[in-house]
Amino acid sequence: MKVSVECVGCGQCAAYCSFDAIIIFGRASMNENCIECGECVKYCPLSAITESI
């Protein structure tokens, strides 16, 4: 997953992550638990998270 500079660290993505894979420190970042399921993309109100290609 890729987090853009538009991320404000609101935590919506982390709240819905079933794998506890998102850390909020200024802005979101994914840890080793991330399986790139894409759930966080759905819940980001700013569309700041996109799938890595």
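Residues numbered from 1 in each chain as written. Predicted model: local features only at pLDDT ≥ 70, side-chain atom pairs only at ≥ 80, totals over all residues. Heavy atoms only, no water.

The subject of this paragraph is the environment of Y16. Its location among the elements puts Y16 in helix α1 (residues 12–16). Taking C-alpha positions, Y16 is 7.2 Å from E39, a pair spaced 23 residues apart along the chain. (Helix = DSSP H or I, 4+ residues; strand = E, 2+ residues; numbered from the N terminus.)

Of note, N31 is situated in the loop between β3 (27–30) and α2 (39–43). The buried category is assigned to N31, whose relative accessible area is 19%. There is a polar contact of 3.3 Å between the side chain of N31 and the backbone oxygen of D20. Residues in contact with N31, not counting those within four places in the same chain, are D20, A21 and I23. (Buried < 20%, exposed > 50% of the residue type's maximum accessible area, 1.4 Å probe, protein only. Polar contact = N/O pair within 3.5 Å; in protein donor to acceptor, adjacent residues only side chain to side chain. Contact = heavy atoms within 4.5 Å.)

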